[in-house]
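For reference, the chains in residue letters:
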Amino acid sequence: MANQATLKYNDQSYELPVVVGTENELALDISTLRDKSGFITLDSGYKNTGATKSAITFLDGELGVLRYRGYPIDQLAEKSTFTEVIYLLLYGSLPTSTELSAFEAKLAANVEVPAQLAKMLDAFPADAHPMAVISSLTTSLSAYYGAEGDFSKEGVDKVAIQLLAKLPTLSSWALRGLAGKQLNVANPSLDYTSNLLSLFFAEDSNYKPDPTIVQALNTLLILHADHEQNCSASTVRMVGSSRANLFASVSAGISALWGPLHGGANQEVIEMLEAIKADGGDTMKYINKAKDKNDGFRLMGFGHRVYKNFDPRARIIKAACDNILSKLGVSDPVLKIAKELEEAALNDPYFVERKLYPNVDFYSGIIYRALGIPVNMFTVMFALGRLPGWISQWKEMIEGKEPIGRPRQVYVGALERDYVAIGDR
Ligand code: CMC
């Protein structure tokens, strides 16, 4: 395979090194292109831009493949635990049982959150969106644990553990604090997922999380744990590239995730399904709305920038959805509407031609709701799952001493003109 590509423009040729990934992905290294030729590249939305080399997650959008550190997502979802996957993403290999126990002990030792931070909740109206609350609380942690940023191996590890250990509590504050309920304290004797459920739902010391719910949540957290250079992970890396501390970088990632085209879609899906139900359940009406270019409506939970055949996470979640609802004895009428929508879309040329399939957000909300999680907390659940991915991406960027992220542009604005005094305009 040639290791150079040639770009020709007029009578000039420019050699561009070819970079080959471990899965034979091909890239042109254009890092010196501007110096050599004066050209920059233009790629709105970074649809075809590799921002980094990464060893964390591999994704093949055509084949519907997703692997964390080489391990297929379906194997991890079936056999692993969330803390094991956190370890895998952060450190690159599956832990031995001794390593896992030591890691879980470190998390357990750091669950406590500064009590003063809870005063911030008083500043939020009761109807504040929980994503606003957790992004504010996350960046506020830097006031206590390393605003200046210690980028040594130990310093990075320390803040990673702090954030992983504390975000469950901060998330539960968003749920309980805004609802005027008493805040729960983390229980370090519980596993990560059971502790999360206890923080959310315990009304007294007798609370015991249902094993079916623990298992379902464990799977969902694993499925969301990383997804290579998506909008929020790229945001975390971009903010971190200025050497902003981890808490500030992840807070920015939480904000990026909140948008309805990204993680916010899980809330939008349930709201859409509820709206269709309230409107008489006419799914074809909404399929037609989604196809109508004069209508701003999109089928939420459908389509993906990278997956063009199927989203492997969506397949696992759809199967889990039936299983969990039946185990919990929950019958949710919107599940029927979701299945009808999917069926109609998968047989409609508009969706087929554009390769639009259900994504991770299409069925996850139905499960979250069956687990008792309020709709406006769905994207927080996504953030809790994605946290190890964000931290691993930030860590990789710091360890690789990547330069500050600073894209260029093609300027299309006014040419130079003289200032005109206000009275003369
Ligand atoms: N409903 C109707 N049409 C759609 C949809 C949809 N959900 N998604 C894409 N299209 C159409 C779009 O109008 C365009 O049509 P045309 O070529 O005629 O102009 C074509 O498909 C390509 O869409 P695009 O917006 O250029 O594709 P993109 O790669 O920029 O966007 C996306 C990907 C996920 C933002 C988009 O599919 C979307 O808005 N989906 C709904 C929101 C959603 O479910 N987001 C969650 C994504 S997965 C989890 C995550 O990343 O957080």
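Quick caveat: nothing in here was measured; it's all calculated off a predicted structure.

### Looking at the domain arrangement of the protein
Link 1 in the chain: Assigned domains of the protein: these are domain 1 (4-66), domain 2 (72-260 + 388-399) and domain 3 (265-370).
Link 2 in the chain: The straight-line distance from the C-alpha centre of domain 2 to that of domain 3 is 27 Å.
Link 3 in the chain: Between domain 2 and domain 3, the residue contacts involve 16 residues of the former and 17 residues of the latter.
Link 4 in the chain: If you look at where domain 2 meets domain 3, you find 0 salt bridges.
Link 5 in the chain: The interface formed by domain 2 and domain 3 includes 3 residue pairs in polar contact (both at pLDDT 80 or more).
Link 6 in the chain: Mapped onto the side of domain 2 that touches domain 3, the elements with two or more residues apiece are helix H2 (73-79) and helix H8 (211-223).

### Describing the nonpolar core
Link 1 in the chain: One finds Tyr68, Leu299 and Ile366 to be the most contacted residues of the largest nonpolar core, which totals 114 residues.
Link 2 in the chain: With 13 residues, helix H6 (residues 153-178) is the largest single contributor of residues to this core.
Link 3 in the chain: Residues within four places of Leu299 in sequence aside, it is in contact with Met272, Ile287, Ala290, Leu341, Ala345 and Phe351.

### Brief notes about the pattern of salt bridges
Link 1 in the chain: In total, this model carries 17 salt bridges according to the counting rule given.
Link 2 in the chain: The salt bridge partner of Arg67 is Glu23, with a shortest N-O separation of 2.7 Å. Highlighted residues: Arg67 in strand S5 (residues 65-68) and Glu23 in the loop between strand S2 (12-20) and strand S3 (26-28), separated in sequence by 44 residues.
Link 3 in the chain: Given a relative accessible area of 39%, Glu23 falls into the partly exposed group.
Link 4 in the chain: Of the charged contacts in the structure, one is a salt bridge between Asp332 and Arg369, with a shortest N-O distance of 3.1 Å. Note that Asp332 is positioned in the loop between helix H13 (312-328) and helix H14 (333-346) and Arg369 in helix H16 (residues 360-370), a separation of 37 residues in sequence.
Link 5 in the chain: Taking relative accessible area as the criterion, Asp332 reaches 13% and is therefore assigned buried.
Link 6 in the chain: One continuous salt-bridge network, built from bridges that share partners, spans Glu274, Lys277, Asp332 and Arg369.

### Digging into a nonpolar patch on the surface
Link 1 in the chain: Together, Met1, Val20 and Leu26 make up a nonpolar patch on the protein surface, roughly 360 Å² of accessible area in all.
Link 2 in the chain: The residue Val20 is located in strand S2 in this model.

### Focus: the site of the ligand
Link 1 in the chain: Looking at the ligand, there are 23 residues lining it, with His262, Arg298, Leu299, Gly301 and Arg305 nearest.
Link 2 in the chain: A distance of 2.7 Å separates an oxygen atom of the ligand from a polar side-chain atom of Arg298.
Link 3 in the chain: Asn359 has a polar side-chain atom sitting 2.9 Å from an oxygen atom of the ligand.
Link 4 in the chain: If the ligand stood free it would expose 940 Å²; the protein chains cover 78% of that surface.
Link 5 in the chain: Tallied by class, the residues present in the shell around the ligand amount to 11 nonpolar, 6 polar and 6 charged.

### Digging into the sheet that holds S5
Link 1 in the chain: Judged by pairing direction, the sheet is antiparallel, and its 3 strands sit side by side in the order S4-S5-S6 without closing on themselves. The open sheet is flanked by strand S4 (57-60) and strand S6 (71-72), the only strands paired with a single partner.

### Quick look at the side chain of Thr212
Link 1 in the chain: With respect to the helices and strands, the residue Thr212 is situated in helix H8.
Link 2 in the chain: Judged by relative accessible area, which is 19%, Thr212 ranks as buried.
Link 3 in the chain: What Thr212 contacts, discounting residues up to four positions off in sequence, is Lys327 and Leu328.

### Examining the packing of aromatic side chains
Link 1 in the chain: Taken as a whole and assessed by the stated rule, the structure comprises 15 aromatic pairs.
Link 2 in the chain: Each ring, one from Tyr286 and one from Phe297, has its centre 5.7 Å from the other, and the planes form 70 degrees; the classification is edge-to-face. Of this pair, Tyr286 sits in helix H12 (residues 283-291) while Phe297 sits in the loop between H12 and H13, and the two are 11 residues apart along the sequence.
Link 3 in the chain: With a centroid separation of 5.0 Å and an interplanar angle of 85 degrees, the aromatic rings of Phe362 and Tyr363 are classed as edge-to-face. No difference in accessibility class separates Phe362 from Tyr363, as the two residues are buried.
Link 4 in the chain: Connected via pairs of aromatic rings, a cluster forms that spans Phe302, Tyr350, Phe351, Phe362 and Tyr363.

Rules behind the numbers
- Residues numbered from 1 in each chain as written.
- Predicted model: local features only at pLDDT ≥ 70, side-chain atom pairs only at ≥ 80, totals over all residues.
- Heavy atoms only, no water.
- Domains from an automatic or database assignment.
- Contact = heavy atoms within 4.5 Å.
- Salt bridge = Lys/Arg side-chain N within 4 Å of Asp/Glu carboxyl O.
- Polar contact = N/O pair within 3.5 Å; in protein donor to acceptor, adjacent residues only side chain to side chain.
- Helix = DSSP H or I, 4+ residues; strand = E, 2+ residues; numbered from the N terminus.
- Core = buried A, V, L, I, M, F, W, Y, C linked by side-chain atoms within 4.5 Å.
- Buried < 20%, exposed > 50% of the residue type's maximum accessible area, 1.4 Å probe, protein only.
- Patch = residues over 30% accessible without salt bridge, like charges linked within 9 Å, V, L, I, M, F, W, Y side chains within 5 Å.
- Areas by Shrake-Rupley, 256 points an atom, 1.4 Å probe, with all protein chains shown as cover.
- Near = heavy atom within 4 Å.
- Nonpolar A, V, L, I, M, F, W, Y, C, P; charged D, E, K, R; others polar.
- Pairing = 2+ DSSP bridges.
- Phe/Tyr/Trp six-rings, centres within 6.5 Å; stacked < 30°, edge-to-face > 60°.

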